[in-house]
Amino acid sequence: MAELSTLARPYAKAAFEYADQAGQLQGWSDSLAIAGAVAEQPNVVKLLASPTYTAKQQAAVLVEICGDALSAAGQNFLAVLSEHRRLQLLPEISRQFEILKANREKAVDVEVISAQLLTDDQQQQLSDALSAKLERKVNMQVRLDKSLLGGAVIRAGDTVIDGSIRGRLAKLAESLHS
Amino acid sequence: MQQLNPSEISEIIKSRIDNLNVSSEAQNEGTIVSVSDGIIRIHGLADVMYGEMIEFDGGVYGMALNLERDSVGAVVLGDYQTLAEGQKARCTGRVLEVPVGPELEGRVVDALGNPIDGKGAINAALTDPLEKVAPGVIDRQSVDQPVQIGLKAIDAMVPIGRGQRELIIGDRQIGKTAIAVDAIINQKGSGIKCIYVAIGQKASSVAAVVRKLEEHGAMEHTIVVAATASDPAAMQYLAPFAGCTMGEYYRDRGQDALIIYDDLTKQAWAYRQISLLLKRPPGREAYPGDVFYLHSRLLERAARVNPNYVEKFTNGEVKGKTGSLTALPVIETQAGDVSAFVPTNVISITDGQIFLEADMFNAGVRPAMNAGVSVSRVGGAAQTKIIKKLSGGIRTALAQYRELAAFSQFASDLDEATKAQLDHGQRVTELMKQKQYSPQSIAELGLMLYAADNGYLKTVEVNKIGDFEAAVLSYMKAEHSDLMKQINDSGSYNDDIAAGFKAALDKFVSTQTW
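Definitions and limits used
Residues numbered from 1 in each chain as written. Chains lettered and ligands numbered in written order. Predicted model: local features only at pLDDT ≥ 70, side-chain atom pairs only at ≥ 80, totals over all residues. Helix = DSSP H or I, 4+ residues; strand = E, 2+ residues; numbered from the N terminus. Rg over C-alpha atoms; globule rule 2.2 N^0.38 Å. Buried ≥ 20, exposed ≤ 12 C-beta atoms within 10 Å, placed from the backbone. Contact = placed C-beta atoms within 7 Å. Pairing = 2+ DSSP bridges. Expected span 1.5 Å × (residues − 1). Bend = angle between axes of the 7 residues up to and from the residue. Core = buried A, V, L, I, M, F, W, Y, C linked by C-beta atoms within 7 Å. Axes fitted to C-alpha atoms, helices over the stretch in contact; angles between N-to-C directions. Parallel < 35°, antiparallel > 145°, perpendicular 65-115°, else oblique. Left-handed = near helix turned anticlockwise from the far one by under 90°. Domains from an automatic or database assignment. pLDDT = per-residue confidence, 0-100. Nonpolar A, V, L, I, M, F, W, Y, C, P; charged D, E, K, R; others polar.

## Here's the deal with the overall build of chain B
Next, step 1: The number of helices and strands found in chain B is 16 helices and 19 strands.
Next, step 2: For 514 residues, the compact-globule estimate of 2.2 N^0.38 gives 24 Å, and chain B sits close to it at 26 Å.
Next, step 3: Expressed as lengths along the three principal axes of its C-alpha atoms, the size of chain B is roughly 85 × 55 × 55 Å.
Next, step 4: Of all 514 residues assigned to chain B, the portion counted as buried reaches 47%.
Next, step 5: Contacts in chain B between residues far apart in sequence, at least 24 positions, make up 73% of those at least 6 positions apart.

Printed below as a string of structure tokens:
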């Protein structure tokens, strides 16, 4: 079985390129986010999996729920998806669209998990340092996790910088074991 | 009560804490998506290399084998019970390495070089990657020095040279491992280091081999790499490469080593299992497409390298010495079927094969080597002079004997010449039998070949040949040990030696009994 992300890739790419050409990146991003959220609702999931509705009916229901959030092009996109019975991919498509958009805007989502609350000053410093290192605009989200004991873990996509006391202790434990 | 390890001294711990590098570097991380039969799928890990070690939680390591667009397929090296979906996996930036060097001699290790013989840690100074590229064309030298196996049938008819790959092939339970173990025992004092790689065997069989090697004092120059039947398939797949890396240590430093892969059929099975679980497309006999490359890249690393290569490798420390790694891969056939996939592959890769036959084994010919089908494509150039000179008649005698024996079953009246040939063939067949764990030197082999060639066996009853041989050899040991020593040292053959043999045998035949 191919993975969801593999299936979603061509759709996300097509949607992104279309939106980019039309200069409507933000609009598409918003409507895909809404459509994705709708498609994740348990009731909608059930509807999309149900064989008693035709693909057209499913698309129609989705379009109706999303209402004004979808442009005409967006409705067409849903129609294409429904033709291939890929409406379940909407959340994944939305995620990949965001990644493509972030790449285009040279932005990156960074999650910072720290043991203590960071002051605004610290956050600013961290954000500057990270954007210098990653050469990207940094959208930082800060989370608190006391179990780190001290320091912070920074996560940007696949890249992880572990500067926490917990991580260092684990390293130390391993080096003593070996 | 729990015991303290030698490494638990406060000072050592203190220095290790001091030396620990705690700088936080950016690491590549992924999430485990699925765990099944030792195969892990990981989402993320965008920067992973092929064959890179992957670290999981709890100090478990894996190796990346499939790099796909959205996921990475990896095998776990060790226990995968603790792993679960959602856990993190981290790149390490290292490829798999094993310890190498003289510290390993006399030890039993697993496929990753960890000791499993309970004799404590191996403090090897060096490690080397498992997968390395074989020496190229200009680094090589042709095979011209012998490896004495110590078995009459092999040394006389399928001689093996240093750097050669000679396949041992046959059904189960007909003495493949016995030949390998005899070969190791006979390297005692020859300076050739041995590596015995046990793949997919019963742990009890491995223990038995180790015990036999210890009993015969052959463990000092031997490394045993064991991936037993209960080890994960990944370890069975990697064990031959680990052993090969340990053997290359000697080859690259101008020394000689002998490696035995026992057996590659099981390695191919393990690799097939991994490949199918990784969803690589199955081919013939469900083996993956690269099963030929699996064995060819392994066996290409067994080679003889020239002094330039050795000098370059050691930065000029070792000069004017060639290095070699001789490989004896073992392949198990099913009911003598050599046309199955893996046997044909390995036959075509190696420089010859020793073919063991169930019929001969059951008829009491041990080692059960079929002299007609067994060949050595390069070993002839490496044979010592005396054996080369004297063994010429043996092969033809046996070949003619086989032909006549089949034919004479139907014939009632045979002429004298035919009868003589049959007689001779019978005696040579009998002479080629040899007990396990009793390797023979060049001089002993040369003497017996001389005796067979010059008709000394004619007067001996066929079922007494073994006794005759034992008696002659003990007589020679007692009376002519200087002659035997001279031959063993030089390996040459001339009229003096022939005269010495003749005189000794004449005297023995006229005076001794057996």
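## Things to note about the overall build of chain A
Next, step 1: Counting secondary structure elements, chain A contains 8 helices and 4 strands.
Next, step 2: In chain A, the succession of α and β elements from N to C terminus is α-α-α-α-α-α-β-α-β-β-β-α.
Next, step 3: On C-alpha atoms alone, chain A measures out to a radius of gyration of 21 Å, which is more than a quarter above the 16 Å that the 2.2 N^0.38 rule sets for 178 residues.
Next, step 4: C-alpha extents for chain A along the principal axes are approximately 60 × 40 × 25 Å.
Next, step 5: Residues classed as buried in chain A amount to 26% of the 178 residues present.
Next, step 6: Restricting the contact set of chain A to residue pairs at least 6 apart, pairs at least 24 apart contribute 69%.

## A word on the interface of chain B and chain A
In many analyses, interface size is given as the accessible surface area lost on bringing the parts together.
Next, step 1: Tallying the contact residues gives 19 residues for chain B and 16 residues for chain A.
Next, step 2: Among the elements of the structure, α1 (10–19) and β1 (26–36) of chain B are those that each provide at least two residues to the side of chain B that touches chain A.
Next, step 3: Counting residues per element, the side of chain B that touches chain A draws most heavily on β1 of chain B, which supplies 5 residues.
Next, step 4: Inspection of the sheet shows strand β4 (residues 159–164) of chain A paired to β1 of chain B by 3 bridges, in the antiparallel sense. Among the inter-strand pairings, Ile161 of chain A is bridged to a residue of β1 of chain B, identified as Ala26 of chain B.

## Re the pairing of strand β17 (residues 323–332) of chain B
Residue and element names in this part refer to chain B.
Next, step 1: Counting buried positions over the 10 residues of β17 gives 9, a clear majority of the element.
Next, step 2: Both strand β15 (residues 256–262) and β17 contribute to a ladder of 6 bridges, which runs parallel. Each residue of the ladder has a partner; that of Ile259, found in β17, is Ala327.

## Section: helix α1 (residues 4–22) of chain A
Residue and element names in this part refer to chain A.
Next, step 1: Between its first and last C-alpha atoms α1 spans 27 Å; for 19 residues at 1.5 Å apiece the expected length is 27 Å, and the two agree.
Next, step 2: Of all bends in α1, the biggest is about 30 degrees, found at Pro10.
Next, step 3: Residues of α1 that are buried in the fold lie against α2 (25–40), α5 (72–83) and α6 (90–104).
Next, step 4: Note on α1: the residue one or two positions beyond its end, Gly23, has a positive phi of about 70 degrees.

## Quick word on the environment of Gly30 of chain B
Residues and elements named next belong to chain B.
Next, step 1: Along the chain, Gly30 turns up in strand β1.
Next, step 2: Residue Gly30 is classed as buried on the basis of its 25 C-beta neighbours within 10 Å.
Next, step 3: The sequence separation of Gly30 and Ala124 amounts to 94 residues, and the corresponding C-alpha distance is 33 Å.

## A closer look at the nonpolar core
Next, step 1: Among the nonpolar cores identified, the biggest contains 142 residues, and Ala180, Tyr196, Val197, Val225, Ala234 and Ile259 of chain B are the most heavily contacted of them.
Next, step 2: Top element by residues in this core is helix α5 (residues 233–252) of chain B. It accounts for 12 residues.
Next, step 3: Setting aside its immediate chain neighbours within four residues, Val197 of chain B contacts Val225, Ala239, Pro240, Gly243, Ile259, Ile260, Tyr261 and Asp262 of chain B.
Next, step 4: Residues Ala15, Leu48, Ala59 and Phe97 of chain A belong to the second largest nonpolar core, which totals 24 residues.

## Regarding helix α7 (residues 120–134) of chain A
Next, step 1: Taking 1.5 Å as the rise per residue, α7 of chain A with 15 residues should run 21 Å; its terminal C-alpha atoms sit 21 Å apart, in good agreement.
Next, step 2: Where α7 of chain A ends, the next residue or the one after it, Glu135 of chain A, has phi of about 55 degrees, a positive value.

## Considerations on the packing of α2 of chain A against helix α4 (residues 55–66) of chain A
All names here are of chain A.
Next, step 1: One way to put it is that α2 packs onto α4 with a least axis distance of 10 Å and a crossing angle of 120 degrees. Judged on the interaxial angle alone, α4 and α2 are oblique. Along this stretch, α2 crosses α4, giving a crossing that reads as right-handed. Counting all contacts with α2, which are made through Ile34, Ala35, Val38 and Ala39, the residues of α4 involved are Leu62, Ile65 and Cys66.

## Focus on the domain arrangement of chain A
Next, step 1: One can read the domain layout of chain A as domain 1 (2–103) and domain 2 (107–177).
Next, step 2: Distance from the C-alpha centre of domain 1 of chain A to the C-alpha centre of domain 2 of chain A: 33 Å.

## Quick look at the confidence of the model for chain B
Next, step 1: Averaged over every residue, the pLDDT of chain B is 92; the share at 70 or more is 97%.
Next, step 2: Across the assembled chains, the prediction reports ipTM 0.78 with pTM 0.89.

## Regarding the packing of helix α11 (residues 385–408) of chain B against helix α13 (residues 442–453) of chain B
Axes are the key here: two packed helices are described by the angle between their axes and the distance separating the axes.
All names here are of chain B.
Next, step 1: It is at 9 Å that the axes of α11 and α13 come closest, and there the two elements cross at 40 degrees. Between α11 and α13 lies a crossing whose hand is left-handed. On α13, the residues touching Ile386, Ile387, Leu390, Ser391, Gly393 and Ile394 of α11 are Ile442, Leu445, Gly446, Leu449, Tyr450 and Asp453.
Next, step 2: Looking at the contact of α11 with α13, its residues break down into 8 nonpolar, 3 polar and 1 charged.

## Topic: the pairing of strand β18 (residues 352–355) of chain B
All names here are of chain B.
Next, step 1: Alternating positions in β18 separate into two faces, Gly352 and Ile354 on one and Gln353 and Phe355 on the other, with burial throughout.
Next, step 2: Note: strand β12 (residues 167–170) against β18, 3 bridges, orientation parallel. Looking at β18, one finds that Ile169 is bridged to Phe355.

## With respect to unusual backbone geometry
What you tend to see is this: most non-glycine residues have negative phi, and most peptide bonds are trans.
Residue and element names in this part refer to chain B.
Next, step 1: Of the consecutive residues Asp262 and Asp263, the connecting peptide bond is found in the cis state with omega at -5 degrees.
Next, step 2: Here Asp263 lies in the loop between β15 and α6 (264–277).
Next, step 3: With omega at 0 degrees, the peptide bond leading from Arg366 into Pro367 counts as cis.
Next, step 4: Structurally, Pro367 can be placed in the loop between α10 (358–362) and β19 (375–376).
Next, step 5: Look at Glu285: it is not a glycine, yet its phi comes out positive at around 55 degrees.
Next, step 6: Within the fold, Glu285 resides in the loop between α6 and α7 (291–300).

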